[in-house]
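# Chains, contacts and geometry: an overview
Spelled out, the chains give:
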Amino acid sequence: MAATDETGPAGQNTTVPGTPPPAGPPVDPAPRAGARMPRWLPRAMVLALALIAVFQLGSWAFHQLTGLLINVLIAFFLALAVEPAVSWMAARGVRRGLGTFLVFVGVLVVGAGFVTLLGSMLAEQIIKIVEDFPQYLDSVINWINTHFHTELRRVDIQENLLRSDWLRNYVQNSATGVLDVSAQVLGGLFRLLTVGLFSFYFAADGPRLRRTICSVLPPARQTEVLRAWEIAVNKTGGYLYSRGLMALISGLAHYVLLEFLDVPYAPVLAVWVGLVSQFIPTIGTYLAGALPMLIAFTVAPWYAVWVLVFVVVYQQFENYVLQPKLTSRTVDIHPAVAFGSVVAGTALLGAVGALIAIPAVATLQAFLGAYVKRYDVTDDPRVHGHRGSGGAGAFGRRVRGLWAQRRPESGGAEPAAGAGVAGAGTAGSGAGGAGAAGAGDGGTAGA
C-alpha cells in the first residue's frame, strides 16, 4: 500500500467515520415573491404621523392663544392680590361677589382719578411749554450769538423748520399712523376688559375653583395644592400691600419737598412718584423722579438739582431702612434675586413679567422652602466673615513672637554684666527682670 501524507490535500479532506460533515457558511434563502411588511409597521407610521400633527396643532394653537394666556395669568395674580380683602369682607357676612365688586370699583375709581389728574397736569404743562417756547428759543439764540459771534434769528429758524423735508415726512407718517394708534387703543381697552372679567371670576369664585381643582386629585395632592394656593395668596397680597404702604410714604415725602420748593401740581407729582417708584422695581424711583425734575426745572433750574438729590437720598433710605422692615414678613426675597427675577420676567413677558416676577418668585421660594431640609450651622468664625487660624491675625502673632525673641531685652530693667557672661556660657540667657539672679547663675556657670 502506498503511504499517504496527512498534510496533503487528501489528508486535509479526510473525516473520521461516523461524524457528520462540517456545516458550511450560512446561505440566505431566496426571498419569496409573496412576502409582506410587518403588521405593526403601518400602525407605527400612522401613530408617528398623528403625534406630529397633534404637536404642530398644539404649537399653532399655543402661539395663537399666547395673548389670552398672558391675560389669564395677569388676572390670576390680580385675583390673588385682592383675595385677602375679599375674604375679610366675606368673613363679615358680605357675599363674595358683592365684596369683589366693591374692591374692583374702589380700585377703578382711584385709578381713573389718578389718570385724570395726571392727564390734566400734563396737558397744562404742555400748553405752558408751547406758549413759552418762543422765549426759550430767543434766549438760546441770544446765547449762541453772544458766544459764537453769529447772526441767527428766530424767524429764519422757524421758516427753515417749517419748510424742511423732515417735518413734512413726520407729519405724513403721523397722519398715516392714526389708524394704528386707534387700533392699539381699542386693543388695550379690550385687553383691560378681559383681565378685569377673568380676575373678577377668579376672586368671586375662588372657593369653587379650588374645589374643582381638588376634586380631580388624591387627598395628599389636595393638601399640597391648597397649601401652595395659600402661600401664593399671602405672598401676592403681602407684596401688593407692602408696596402700597411704601408708595404712600414715598408720596408723602416727595410731596413735602415739592410743596417746600413751590413746584406746581405737587400732590399729583407725589402720587406719580409713589406709584411708579414702587411698582416698577429697581429703576422705578429714577424713572418716576424724571417728571418732577422736569416740572421743577420750569420753575428754577436749581430746583431740579434739589429734586434729583432728594430722590437719590430717599432711594438709599428706602433700600436699607424702610423696605427691609416692611417686606421682611411679606415678601422676604434677596434684592439680587428680585432684580434677576425682574430681568427674567421682562425678557419673557415684557412689562407684565416685570410686575408679576417678584410675587411669583417669592411664592415659589416659600413653597420650595417647606421641602428643603435645613441643618444647624457650625459656630465657625468663617461663617461670620472672619478669617480662620491661618489668617492675618495668626500671621501677625507669629511676627510679633519672632520680633520679641530677637530683641535683647523683653522687660523693663537692664540685665547685669555677669548675666551677659552667664548667657554666653549657658544654654539660655538671663531674663530682663532677673538681673541679680542671672549674675549668681553666671558665677556658677563660669566656674
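To be clear, the structure that these remarks concern was listed above.
Overview of the structure. Worth saying up front: this structure is predicted, and the values here are computed from it rather than measured.

Under the criterion given, the structure shown has nine aromatic pairs. The interplanar angle of 80° and the centroid separation of 6.1 Å between the aromatic rings of Phe-76 and Phe-77 together place this pair among those described as edge-to-face. Residue Phe-76 is classed as partly exposed on the basis of its relative accessible area, which comes to 27%. Aromatic side chains Phe-198 and Phe-202 sit 6.2 Å apart centroid to centroid with 40° between the ring planes, which places their arrangement in the tilted category. Taken together, the residues Phe-198 and Phe-202, both in helix α7 (residues 178-204) and four residues apart, mark about one turn of the helix. An aromatic cluster of at least three residues, connected via ring pairs, comprises Phe-76, Phe-77, Phe-198, Phe-202 and Trp-229.

Turning our attention to the packing of helix α9 (residues 219-260) against helix α10 (residues 266-279). Interaxial distance between α9 and α10 falls to 7 Å at its minimum, and their mutual angle equals 145°. The handedness of the crossing between α9 and α10 is right-handed. Contacts between α9 and α10 pair Tyr-239, Leu-240, Arg-243, Gly-244, Met-246, Ala-247, Ser-250, Gly-251, His-254, Tyr-255, Leu-258 and Glu-259 from the former with Ala-266, Pro-267, Leu-269, Ala-270, Val-273, Gly-274, Leu-275, Ser-277, Gln-278 and Phe-279 from the latter. Class assignment of the residues belonging to the contact of α9 with α10 gives a composition of 13 nonpolar, seven polar and two charged.

The next point concerns the side chain of Thr-194. Position of Thr-194 among the secondary structure elements: in helix α7. Setting aside its immediate chain neighbours within four residues, Thr-194 contacts Leu-68 and Asn-71.

Outside of glycine, negative phi angles account for most residues, and trans bonds account for most peptide bonds. With a phi close to 55°, His-149 is a non-glycine residue in the positive phi region. Within the secondary structure, His-149 is located in the loop between α4 (96-148) and α5 (154-162). Take His-149: its relative accessible area is 72%, and that puts it in the exposed class. Positive phi is not limited to glycine here, since Tyr-265 has a value of about 60°. Mapped onto the elements, Tyr-265 comes out in the loop between α9 and α10. Of the residues examined, Tyr-265 reaches a relative accessible area of 27% and is grouped as partly exposed.

What counts and what doesn't
Residues numbered from 1 in each chain as written. Predicted model: local features only at pLDDT ≥ 70, side-chain atom pairs only at ≥ 80, totals over all residues. Heavy atoms only, no water. Phe/Tyr/Trp six-rings, centres within 6.5 Å; stacked < 30°, edge-to-face > 60°. Buried < 20%, exposed > 50% of the residue type's maximum accessible area, 1.4 Å probe, protein only. Helix = DSSP H or I, 4+ residues; strand = E, 2+ residues; numbered from the N terminus. Axes fitted to C-alpha atoms, helices over the stretch in contact; angles between N-to-C directions. Left-handed = near helix turned anticlockwise from the far one by under 90°. Contact = heavy atoms within 4.5 Å. Nonpolar A, V, L, I, M, F, W, Y, C, P; charged D, E, K, R; others polar.

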